[in-house]
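# Summary of structural features
Chain by chain, the residues:
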Amino acid sequence: MADTVLSTPAPGNEGGAVFAAHTAISQRFTELLALTEAAVAAERDLDGVEPWDPAVAHWPEAAERAWQAAGAAADAVLAMHPARDEDRPLQQMALMFRLALGLEAPRAGAQLIEQVQMQLPVFKCPGTNPVAGMVNRTLGRAAHVLAAVHAVLEPDATGDGPGDLPPAGAVMAA
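Below is a short write-up of the structure. (Residues numbered from 1 in each chain as written. Predicted model: local features only at pLDDT ≥ 70, side-chain atom pairs only at ≥ 80, totals over all residues. Heavy atoms only, no water.)

## Brief notes about the packing of aromatic side chains
Applying the stated criterion across every chain, the model contains one aromatic pair. Look at Phe 29 and Phe 97: their rings are 6.2 Å apart centre to centre, the planes differ by 80°, and that puts the pair in the edge-to-face class. In this pair, Phe 29 is assigned in helix α1 (residues 24–45) and Phe 97 in helix α3 (residues 87–102), connecting sequence segments 68 residues apart. (Phe/Tyr/Trp six-rings, centres within 6.5 Å; stacked < 30°, edge-to-face > 60°. Helix = DSSP H or I, 4+ residues; strand = E, 2+ residues; numbered from the N terminus.)

And the structure:
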């Protein structure tokens, strides 16, 4: 049985080098997403935990450290200088993460996240090159993570409880 091998470039890749490597900003932004997902998971672990249980007494502090790590990652993304134009939408989204993670009032954070979700096309990276595609996929994942943060801040707004995640397609249509 023979394998098929394309001898022509994929659409959109003609006429230039395919360069979709990470920059410092895109790497750190990816870490921001992972740290925020870990913070959301830590926060969900607190649901239904009895505060008097010595087996889980350290969980609230661990959740707070996870949120602080996510906030520090957002600050790091914001402090970096863009290496290419496609880094700017990542920095804009990192600013939204920083604002959402820094708000003390849960409803205020949920309102900010709702506003970001309504304006997601603003965060889309223009172009059809491989870098723009990679950044747009990352921004789509970011929208899903932001929705998970929203679910933790306002569990009744997105489902039956903090364990519910909205479907990725419902958050951002690319």
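## Some points on the nonpolar core
Within the largest apolar cluster, 38 residues are counted, with the highest numbers of intra-cluster contacts made by Phe 29, Leu 32, Trp 67, Met 93, Phe 97 and Val 116. Per element, the largest residue contribution to this core is 11 residues, and it comes from helix α5 (residues 130–153). Excluding residues that lie within four positions of it along the chain, Val 116 makes contacts with Met 93, Met 96, Phe 123 and Leu 146. (Core = buried A, V, L, I, M, F, W, Y, C linked by side-chain atoms within 4.5 Å. Buried < 20%, exposed > 50% of the residue type's maximum accessible area, 1.4 Å probe, protein only. Contact = heavy atoms within 4.5 Å.)

## Looking at the side chain of Thr 138
Locating Thr 138 in the fold gives a position in helix α5. Within the structure, the side chain of Thr 138 is placed 2.9 Å from the backbone oxygen of Met 134, a separation counted as a polar contact. Discounting chain neighbours no more than four positions away, the residues touching Thr 138 are Phe 29, Leu 33 and Leu 90. (Polar contact = N/O pair within 3.5 Å; in protein donor to acceptor, adjacent residues only side chain to side chain.)

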